Amino acid sequence: MTSSVVEPVARNHGRPAGGRDGASDVAGVLVLGGCAVWALIAALGRPARPEGVLLAVLAVAAGYACGRIAGSLLPVASAAAAGLAGFVLACTSPYGLTGHEGPGAAQLTLATGAVCCAAWAAPRAFRPALWLSAAAITLTAVVSGATAGAAAGGAVLLLSLLAARPRRRLPALAGCALVAAVAVGGTWMVAEDAVPGGLPSTLRTRLTEHRIGLWQDAARIGATDPVRGAGPDRFGELSSAVPQPAGLEAKPHSAPLQQAAGQGLPGVALLGAAFGWLLHALWRSPRPTPVVLTAGAALTALAVVSCLGNALSFSQITAGAGLLAGLATARRPDDGSGALP
């Protein structure tokens with residue numbers, strides 16, 4: 001009698017029986033809806049352009065829905081195909097692997113995460129080929145000189161290989177939230193010139209004076225109206241660090257600072273809530289813990305990259321993030337199990 005109870009739990013990585021509630025789905029609708037509504041409120045009565053935010057919200061929602069559907073039908077094939085598509089997109093993008101660190105690094109990170117998720121979901125015989133594919137993506141980034149993409153993808157690959165060790169997913173996902181919070185706080189400290197002892201010269205050189213100037217302008221613009229900001233997509237016309245006339249890429253190169261400048265502190269809070277919703281959805285996911293933690297590592301790496309660049313300004317990145325989260329939270333039609341602890 002004891003073995004008949006313990007054996008299913010072991011196969012399910014300690015997942016308790018019971019159905020998965022829809023709390024994370026409801027939270028997702030509320031958070032994404034709040035992001036869209038607040039963008040419109042921040043743009044009200046100003047020459048602002050909230051269309052970019054609305055497109056990003058739509059891309060996340062569409063990607064998440066597609067991931068949930070594909071992951072429930074073909075969990076291995078859909079994740080592997082998503083990873084391959086992301087890698088091809090990164091290689092064939094007009095920006096290239098090194099031409100634009102933000103989207104290039106983000107695409108490589110999401111591609112690595114998707115392939116690693118496919119490896120954990122696949123039968124053991126197929127896993128080595130998928131691990132090698134994920135390693136090949138990282139090595140391609142190294143050879144091409146895409147430093148940020150290589151670092152982020154390598155971190156995701158390493159953490160995915162270690163994802164089988166934790167027996168509980170909540171502490172690991174809490175660690176993901178902490179890493180993202182530290183990245184946001186560090187970026188804000190640089191923007192406010194509040195780093196104790198000053199920013200080291202090597203890090204300043206790596207970030208470049210131009211990017212630091214953009215961050216400082218974003219913090220200054222956001223401070224003029226902490227509630228509504230200056231309006232979505234107005235940074236280019238208000239920043240002294242952006243060459244005039246402002247081009248299409250006149251962004252602060254930091255997602256939280258872009259939110260602060262365009263939508264005030266509520267916009268920053270909503271961005272954080274969106275990330276928190278994804279982590280909550282992963283926590284409640286019926287998928288095995290290694291798949292969940294791999295997706296969490298990839299999304300956290302994306303969050304760090306977005307703090308240092310304008311990756312989230314590209315709809316293919318936001319759609320890819322939603323797709324990966326959907327794949328990692330999909331429920332098989334024959335899976336009646338609940339969430340992991």
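Residues numbered from 1 in each chain as written. Predicted model: local features only at pLDDT ≥ 70, side-chain atom pairs only at ≥ 80, totals over all residues. Heavy atoms only, no water.

Draft legend 1. Examining the overall build of the chain more closely. Scanning the chain from terminus to terminus reveals 14 helices and zero strands. Listing every helix and strand of the chain by position from the N terminus yields α-α-α-α-α-α-α-α-α-α-α-α-α-α. Of all 341 residues assigned to the chain, the portion counted as buried reaches 49%. On the chain, roughly 15,200 Å² of surface is accessible, and the fraction owed to carbon and sulfur atoms is 70%. (Helix = DSSP H or I, 4+ residues; strand = E, 2+ residues; numbered from the N terminus. Buried < 20%, exposed > 50% of the residue type's maximum accessible area, 1.4 Å probe, protein only. Areas by Shrake-Rupley, 256 points an atom, 1.4 Å probe, with all protein chains shown as cover.)

Draft legend 2. Expanded view of the side chain of Arg 234. Structurally, Arg 234 can be placed in the loop between α10 (209-224) and α11 (235-238). The contacts of Arg 234, once residues within four sequence positions are left out, are Pro 47, Ala 48 and Arg 49. (Contact = heavy atoms within 4.5 Å.)

Draft legend 3. Quick peek at helix α3 (residues 51-73). The end-to-end C-alpha distance of α3 is 33 Å, a good match for the 33 Å that 23 residues give at a rise of 1.5 Å each. Within the sequence span of α3, burial applies to Val 53, Ala 56, Val 57, Ala 59, Val 60, Gly 63, Tyr 64, Gly 67, Arg 68, Gly 71 and Ser 72. (Expected span 1.5 Å × (residues − 1).)

Draft legend 4. Structural view of the confidence of the model for the chain. Summary statistics for the chain give a mean pLDDT of 87 and a share of 87% for residues scoring 70 or more. This model gives residues 336-340 a pLDDT under 50, and the stretch forms 33 contacts once residues within four places in sequence are excluded. (pLDDT = per-residue confidence, 0-100.)

Draft legend 5. Looking closely at the packing of aromatic side chains. One pass over the full model with this rule turns up two aromatic pairs. Here the aromatic rings of Trp 120 and Trp 131 are separated by 5.4 Å at their centres, their planes lie at 85°, and the arrangement is edge-to-face. Linking Trp 120 in helix α5 (residues 101-121) with Trp 131 in helix α6 (residues 127-144), this pair joins segments that are eleven residues apart in sequence. There is no split in this pair, since Trp 120 and Trp 131 are both buried. (Phe/Tyr/Trp six-rings, centres within 6.5 Å; stacked < 30°, edge-to-face > 60°.)

Draft legend 6. A look at the nonpolar core. Judged by nonpolar contacts, the single largest core of 66 residues is most densely connected at Leu 108, Trp 277, Leu 282, Leu 299, Ile 317 and Leu 324. By residue number, the principal contributor to this core is α5, which donates twelve residues. If near-sequence neighbours (up to four positions away) are discounted, Ile 317 is found in contact with Pro 103, Ala 106, Gln 107, Leu 110, Leu 302, Ala 311 and Leu 312. One finds Leu 207, Leu 214, Trp 215 and Ala 230 within the second-largest nonpolar core, a separate group that totals 16 residues. (Core = buried A, V, L, I, M, F, W, Y, C linked by side-chain atoms within 4.5 Å.)

Draft legend 7. Molecular detail of the packing of helix α7 (residues 147-161) against helix α13 (residues 289-308). Here α7 crosses α13 at 160°, and the two axes come no closer than 9 Å. Between α7 and α13, the crossing angle belongs to the class labelled roughly antiparallel. Our pair here, α7 against α13, has a crossing hand that is right-handed. Within the contact between the two elements, α7 uses Ala 152, Val 156, Leu 159 and Ser 160 and α13 uses Thr 294, Ala 297, Ala 298, Ala 301 and Val 305. (Axes fitted to C-alpha atoms, helices over the stretch in contact; angles between N-to-C directions. Parallel < 35°, antiparallel > 145°, perpendicular 65-115°, else oblique. Left-handed = near helix turned anticlockwise from the far one by under 90°.)

Draft legend 8. Local environment of helix α14 (residues 315-329). Relative to the 21 Å expected for 15 residues at 1.5 Å per residue, α14 spans 21 Å between its end C-alpha atoms, a close match to the ideal helical length. When you tally the buried positions in α14, you get eleven out of 15 residues, the bulk of the element. Within α14, burial applies to Ile 317, Thr 318, Gly 320, Ala 321, Gly 322, Leu 324, Ala 325, Gly 326, Leu 327, Ala 328 and Thr 329.

Draft legend 9. Inspection of the side chain of Ser 160 at higher detail. Within the element layout of this structure, Ser 160 appears in helix α7. With a relative accessible area of 0%, Ser 160 lands in the buried category. Discounting chain neighbours no more than four positions away, the residues touching Ser 160 are Cys 116, Trp 120, Trp 131 and Thr 294.

Draft legend 10. Unusual backbone geometry, seen in detail. Look at Thr 208: it is not a glycine, yet its phi comes out positive at around 80°. As for its position among the elements, Thr 208 is in the loop between α9 (201-207) and α10. We classify Thr 208 as partly exposed; its relative accessible area is 36%. Non-glycine residue Asp 233 carries a positive phi angle of around 65°. Within the fold, Asp 233 resides in the loop between α10 and α11.

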